[in-house]
Amino acid sequence: SRSVKQTHDDIYITRGGTTDLRYTPFTEGLEPDNIVYADDGSLLTPVDEFNVAYGGAFCGEDPPYLPGFAPSTAFPYASCVNVDQMIRVIDGFFDLTDEESALPLTESTRAYVTASRLGPFPIREADGSTTTDEFFIGFFPGETTAMYTEQFRRRAAAELGYRHSMAVGYAQDHEGYLLIPEDWLQGGYEIDINIWGPLQGEHIMERLLDMAAEELSTDVAEHHDPCGIYQIPDYGANTLPGIVPETAPEAGTIITEQPDWLYSPLYSLEELEAGTRADLTWQPQVQRVQGIVQVAWIGGDPGVDFPLVTLQQQAGDGSWSDVLQPSGRPIEGGPDILVAYTPDPLYTYDDPQTHYWYAAWQVIGPDDGRLALPLGNYRLHVEGQTYDGANTSWPWDTAPYSVDTEPFEVLPAAISLQQSGADLLAWIPDHPRGYRMLARARGAGEGAMLDAHAATVSIQYADRTEEVEVSGQESGGATLLTGLDLSGALSVTVTDLYGNTGTLALQ
């Protein structure tokens, strides 16, 4: 672990010696040139648009919180509020002491990071194979955004040789969202929390990488508590509150009739309050992508119960086994399977309640095979706990319960088709309440193009059927299949790589 200096003149970025991004040394009254990018699109250095002695906040807000206090007119610096100006406003509301209003704010001048090297031990690769390697973990004082994490992992491999790594956010401290400069300069609400501008996040990352190079590349195993100051705490007479859970003799019972109110994250609060209810009608057959399986059951008091819902598939011999991610982990709980809880009555907790639990699963495959879930019979398997009433103080004695839904058969998804002259547009529409992202760069509910834009096209004429393999291209969020001769055809059927299919009658 190490503290990282992050005052205005201490912050810098080198990217392994390929650049020298810094702020212009703070100068009272400096007029910036308000030119952020060079002609080739790279960032100009030194950065003179962030000339602030003690930091600047709210840089992403439009309109600015405090107009007139920004260090620059260039976007997004134009909405920044100098901390030395903002402290005066805060003082006017809260009557700060001299110590409280003294600048710089002590806690803003340093950030704290930790790095760990574990192993070597077995690691499962993305393709399912297993290698033996070391694992590198960086602990960061803020929310690690996607581009930031990608750069950290890439640089850990390139600069330190750690091919397997992970970034852990919300550790040690909270400097706000952690962003690389190019991301910070896009603006948005993420940049208004941290006060040290576009270079702060990557500066923290580089100092962690520097520390790891100096400390973790040795054979010395650091003691986790060398000074013996982090001991197991003794809370004395302070105990957890003694709210006794309810017993639930009906736990494990699937419900088919709706209670008065059942929460489902697939429905808005307005819909639920207007009387819309989750569809608990059992469907023995569901389609990939366009199907959502919903089930509700009576479970245990949430003081002891947090049911684990697992997707299972039936084998040819009738046995059931968990469906696995490529990592080897079962598909269980969020984000794959949504789980929600509703007590009845909703309040108060000390009245006798029935504990309803709910689960929903959108019928898609894991990770990059979301359109390719194997066909066959599936079910949702639930394991939970109920209070058995044997003791009157925590930890509560519990008894297990389980629930298995009726099997449901997964069928291919329906492909939607639209004729455009001699061409076809093909796409896989989503369920109206679909909550999973089906493809990169497409949000939940937006459906998907055909995987690899590949399809088998069967053209039906009055006297024959012709079948061709087509490789298409993206067009407006769909797959455009070209080079087809549809003249005189009665209908056309498109089948993707996984057997999802759609048919269109032609005029």
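Basis of the calculations
By convention here, each chain's residues receive numbers from 1 onward along its written sequence. With pLDDT at 70 or above as the cut-off, local features in this predicted model cover only qualifying residues; side-chain atom pairs require 80 or more to be listed or tallied, and sums for whole chains, interfaces and linings still use all residues. With hydrogens and water set aside, each side-chain value is computed from the structure's full complement of heavy atoms. Only DSSP runs of H or I covering at least 4 residues are called helices, and only runs of E covering at least 2 are called strands; the numbering of each starts at the N terminus. Identification of polar contacts relies on pairs of N or O atoms within 3.5 Å, with a donor-acceptor requirement for protein atoms, meaning one able to donate a hydrogen and the other able to accept it, and with residues adjacent in sequence counted only if both atoms are side-chain atoms. Contact between two residues is taken to exist if any of their heavy atoms lie within 4.5 Å; hydrogens are not considered. What a helix is expected to span follows from its residue count: subtract one and scale by 1.5 Å. Residue burial is assigned from relative accessible area. The probe radius is 1.4 Å, only protein chains are included, and a residue is buried under 20% of its type maximum, exposed over 50%, and partly exposed in between. Comment: arc refers to directions from the helix axis out to C-beta atoms. The definition used for a disulfide is geometric: two cysteine sulfur atoms within 2.5 Å. Two strands are said to pair when DSSP picks up at least two bridges between them. Axis angles are defined between N-to-C directions and span 0 to 180 degrees, where every axis is a line fitted to C-alpha atoms and, for a helix, only to the segment in contact. What sets the label is the angle itself: under 35 degrees gives roughly parallel, over 145 gives roughly antiparallel, 65 to 115 gives roughly perpendicular, and the rest give oblique. Handedness of a crossing follows from how the near helix is turned relative to the far one, being left-handed for an anticlockwise turn of less than a right angle and right-handed for a clockwise one. Each residue gets one label: Ala, Val, Leu, Ile, Met, Phe, Trp, Tyr, Cys and Pro are nonpolar, Asp, Glu, Lys and Arg are charged, and the others, such as Gly, are polar. Salt bridges, as used here, are contacts in which a Lys or Arg side-chain nitrogen is within 4 Å of a carboxyl oxygen on Asp or Glu.

> Kindly report on the side chain of glutamate 206, identifying the contributing residues and their values.
Secondary-structure assignment places glutamate 206 in helix H5 (residues 200–215). A distance of 3.2 Å separates the side chain of glutamate 206 from the side chain of arginine 207, its partner in a polar contact. Not counting residues up to four positions away in its chain, the partners in contact with glutamate 206 are Tyr12, Ile13, Thr14, Arg15, Gly16 and Arg155.

> Could you give an account of helix H1 (residues 83–94), naming the residues involved and the relevant values?
Since there are 3.6 residues in each turn of an α-helix, residues three or four apart along the chain are aligned in direction. Compared with the 16 Å implied by 1.5 Å per residue over twelve residues, the 16 Å span of H1 between its first and last C-alpha is a close match. By the burial criterion, the buried members of H1 are Val83, Met86 and Ile87. What you see down the axis of H1 is that its buried residues fit within an arc of 105°, all on one side. Away from the buried face of H1 by more than 90 degrees, exposed residues Arg88 and Gly92 are located. In this structure, the buried side of H1 is in contact with strand S4 (56–57), strand S5 (81–82) and helix H2 (98–101). Of the residues trailing H1, aspartate 95 is marked for its positive phi of about 50°.

> Hey, could you go over the state of the cysteines for me, with residue numbers and the actual values?
As enumerated under the stated definition, the model contains one disulfide in all. Here cysteine 59 connects covalently by a disulfide to cysteine 80, the sulfurs 2.1 Å from one another. Its S-S torsion of about 120° marks the bond between cysteine 59 and cysteine 80 as right-handed, since a negative value means left-handed. Remark: cysteine 80 occurs in the loop between S4 and S5 and cysteine 59 occurs in the loop between S4 and S5; sequence separation between them is 21 residues.

> Describe in detail the sheet that holds strand S6 (residues 110–124), supporting the description with residues and values.
With mixed pairing, four strands are arranged side by side in an open sheet as S1-S6-S7-S9. With one partner strand each, in any of the chains shown, strand S1 (2–5) and strand S9 (165–168) form the two edges of the open sheet. Strand-to-strand twist in this sheet, taken as the mean axis angle between neighbours without regard to direction, amounts to 30°. Inspection of the sheet shows strand S7 (residues 130–139) paired to S9 by four bridges, in the parallel sense. Bridged to glycine 138 within S9 is alanine 167. Here helix H3 (residues 146–160) sits on the sheet and contacts S7 and S9; the angle it forms with S9, its principal contact strand, is near 140°. Contacting S1, S6 and S7, H5 crosses the sheet at an angle of about 55° to S6.

> I'd like to hear about the packing of H3 against H5, residue by residue, with values.
Put simply, H3 and H5 touch, their axes get as near as 11 Å, and they point 30° apart. Classified by the interaxial angle, the pair formed by H3 and H5 is roughly parallel. Where H3 crosses over H5, the handedness of that crossing is right-handed. Facing Tyr148, Gln151, Phe152, Arg155, Ala156, Glu159 and Leu160 of H3, the residues of H5 in contact are Gly201, Glu202, Ile204, Met205, Glu206, Leu208, Leu209, Ala212 and Ala213. Among the residues making up the contact of H3 with H5, the classes are represented as ten nonpolar, two polar and four charged.

> Would you mind going over the side chain of asparagine 500 in detail, with residue names and values included?
Its place among the elements puts asparagine 500 in the loop between strand S27 (491–495) and strand S28 (501–505). Within the structure, the side chain of asparagine 500 is placed 2.7 Å from the side chain of arginine 288, a separation counted as a polar contact. At a separation of 2.8 Å, a polar atom in the side chain of asparagine 500 contacts the side chain of aspartate 496. Once you skip the residues sitting within four places of it in the chain, asparagine 500 turns out to touch Arg288, Leu371, Pro412, Ala413, Ile415, Ile428, Val494 and Thr495.

> Tell me what's going on with the sheet that holds strand S24 (residues 465–471), and back it up with residues and numbers.
If you trace the four strands from one edge of the open sheet to the other, you get S24-S23-S27-S28, paired in antiparallel fashion. Because the sheet does not close on itself, it has two edges, and the strands there are S24 and S28. Strand-to-strand twist in this sheet, taken as the mean axis angle between neighbours without regard to direction, amounts to 20°. Relative to S28, S27 is paired through five bridges, and the arrangement is antiparallel. What sits directly across from serine 491, in S28, is alanine 505.

> How would you explain the pattern of salt bridges if you had to name every residue and give the values?
By the definition in use, this model includes 18 salt bridges. Among the salt bridges present, the one from glutamate 150 reaches arginine 154, with a minimum N-O distance of 2.9 Å. Pair noted here: glutamate 150 and arginine 154 are both in helix H3, with a separation of four residues, about one helical turn. One salt bridge connects arginine 155 with glutamate 206, and the closest N-O pair in it is separated by 2.9 Å. One end of the pair, arginine 155, is in helix H3; the other, glutamate 206, is in helix H5, with 51 residues separating them in the sequence. Since its relative accessible area comes to 2%, glutamate 206 is described here as buried. Residues joined by salt bridges that share partners form a network here, namely Arg15, Arg155, Glu159, Glu182, Glu202, Glu206, Arg207 and Asp210.

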